[in-house]
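In case you want the letters, here they are:
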Amino acid sequence: MTNFRRWLPALLLAIPGTAVAQGVIVAPHAVFIDHATRAGSITLYNPGEEPVEVTVSFGFGFPTTDSSGSISIELSDTAPAGEPGATAWLQAFPRRVTIGQQKRQTIRILASPPANLPDGEYWARLTVSAKGGKVPVAGVPDSGGISVGLSLEVRTVISVMYRKGALTTGVTLAPVSASYAGDSVAVRIPLARTGTAVYLGTARASVTSEGGEIKGQDERAVAVYHSLDPRIDVPVGALAPGKYKVRVTVSTDRSDLPPKAALTAPTVRDSVEFTVR
Amino acid sequence: MAALLWHAPLSAQGRPLVPTGTQNLGFGNVIPGLSTQVLRSDPVGSGQFTLRGEKNAQVQLLFVLPASMSGPLGATIPLTFGASDGGFSAAEVITSQTVFDPRAPALGRLSNNGRASVFLGGTANPGPAQRSGSYTGTITLTVSYTGL
C-alpha cells in the first residue's frame, strides 16, 4: 500500500464537513521533474460539498532563517538574479479550473528550459489558490444599518525542483549551540549546503544528562537551498542543576518524500555541553 | 472513494498540507462612527481556519489582509489588524492559542496528528457618515511546509 493510499482516507475524515473556504488537497506536496521527461503533474482533489475554483501559478522562494533561527519562505513572482529559477519556463495546464464536489483534477506541468541549460537543479514554487462559492455576509442590515464581514480564501504552496544531469548534495555543520530557558533548550544548527542540489533532510536534537538520561528530543524537516541556521526548541521541562549534552544529527532521511527525491549524503553530527546552575 | 484511490499517483508520499476556511471573520451589524473589534478568541465572530498535514510538521502562515471592505456605491470601511490578532492552536482549541502578528509571516507546528487551527480577529472602523448596506472583503491565508 502506498503512503498516498494510507493517508488519504484519514485526511479526508479529518477535514471539516462544513467550510466557507474549502482548500483542495494537492498531491504530491513536492514535485520533482527530470530533464529527460520535462514534465510532471499534481493531482487536486476537492473533498468539499461545493465546487471550488482553483488557480495555479508559479513563483519563487526557498526557506531561509533570521537571526533568531525562525524559518521563513519569502515568495516572489520571479527568481532574483543569480538564483537558479525555473519559474520563467514552467507552465501548468490547466491554470484555472473549477473542481466539482468530491472530484479530482490533474494539473500537468510542462517545462520548456533554454536549449543550453547547464546541468543542475532549478527551483520554483507552485501556488494553488482555492476559492469557494460566494459567501454570504453574516447578519442582514436593518433599514439604514451596516453589516460587515470578511470571507476567506486559502492557498497552498509546494516546491518544484527541476533536475538536469547527475546531481550531488550534502551539508557542512558549523558548531551547534544550545541555551536553556524556561522549559526548553534552544538548539541552533548552522548548515551550509554543498554539491549541486538542495539538501532535503531531517535535523534531530537530543538533550541528555550527565548520567545519560534523555531529557528531551525533537526533530525538524529541513531544506537547505544555500544555508540555513534553524533553531529547534527541545522541550525538557525543569532541569536540575548539572551538566547536560546536546547531540545533533542531520541526515537525508525523509519519510515524507518518494525514494530518490531526497538525494543521499553522509550524515553530519555535532554536540555541545551546557550547565544548569 | 474507491475510484479516487485506484487512480492515485503511486509515487506520492507524505501528507499534503490542506488549509480550510471554516468561519468568516464577521463583525455583524456595526454603528457609524464606532469601531467594532472582533477578538481572535470570539467563537462566533473570529475568522477560523483548519490545517491538516504531516504530523509535527512546521508550516508557514502568510495572510493577505485587506485595508478596507467594499460596500454600496463604492463606499468602503477601513480595517485594522493588530499584532495580537492572530492565534495558532495545535490542539484546535480556541481558548488555547499562541498569539502571532497576522501582518507578518508566522510559523506554527502541526500536532502529532497533523492538525491545527488558526484564528483571526480584527477591527472595523466605520465613519460617522458611513453609507448603509453590506460591506465585504477577502482574507487570504497562504500555507506552506518549511521543510521543502
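Residues numbered from 1 in each chain as written. Chains lettered and ligands numbered in written order. Predicted model: local features only at pLDDT ≥ 70, side-chain atom pairs only at ≥ 80, totals over all residues.

**Q** What is the right way to read the confidence of the model for chain B from this model?
**A** Do not read the fine detail of predicted coordinates wherever pLDDT is low. Scored by pLDDT, chain B comes out at a mean of 90, with 91% of its residues at no less than 70. Predicted confidence for residues 1-12 of chain B stays below pLDDT 50, and this span has 17 contacts to residues more than four positions away or in other chains. (pLDDT = per-residue confidence, 0-100. Contact = placed C-beta atoms within 7 Å.)

**Q** Is there a simple way to explain the confidence of the model for chain A in this structure?
**A** In the predicted model, chain A carries a mean pLDDT of 90, and the fraction of residues at 70 or more is 88%. Low pLDDT (under 50) marks residues 134-138 of chain A, which in the prediction has 11 contacts with non-local residues, meaning those over four places away or in another chain.

**Q** I would appreciate a short explanation of the domain arrangement of chain A in the present structure.
**A** Accessible area lost upon the coming together of the parts serves often as the stated size of an interface. Residues and elements named next belong to chain A. On domain assignment, one finds that chain A holds domain 1 (3-164) and domain 2 (169-276). Taken together, the contact between domain 1 and domain 2 spans 13 residues of the former and 12 residues of the latter. For the side of domain 1 that touches domain 2, the elements supplying multiple residues, two or more each, are strand E2 (30-34), strand E5 (63-65), strand E10 (120-131) and strand E11 (146-164). Class assignment for the residues of the side of domain 1 that touches domain 2 results in six nonpolar, five polar and two charged. (Domains from an automatic or database assignment. Helix = DSSP H or I, 4+ residues; strand = E, 2+ residues; numbered from the N terminus. Nonpolar A, V, L, I, M, F, W, Y, C, P; charged D, E, K, R; others polar.)

**Q** What is the right way to read the pairing of strand E16 (residues 199-209) of chain A from this model?
**A** Side-chain positions along a regular strand alternate between the two faces of the sheet. All names here are of chain A. Most of E16 sits inside the fold, with eight of its 11 residues counted as buried. Taken together, the 10 bridges between E16 and strand E17 (residues 214-224) define a ladder with antiparallel strand orientation. Bridge pairing in E17 links alanine 203 to arginine 220. Note that E16 and strand E20 (residues 242-251) share eight bridges and pair antiparallel. What sits directly across from serine 209, in E20, is tyrosine 244. (Buried ≥ 20, exposed ≤ 12 C-beta atoms within 10 Å, placed from the backbone. Pairing = 2+ DSSP bridges.)

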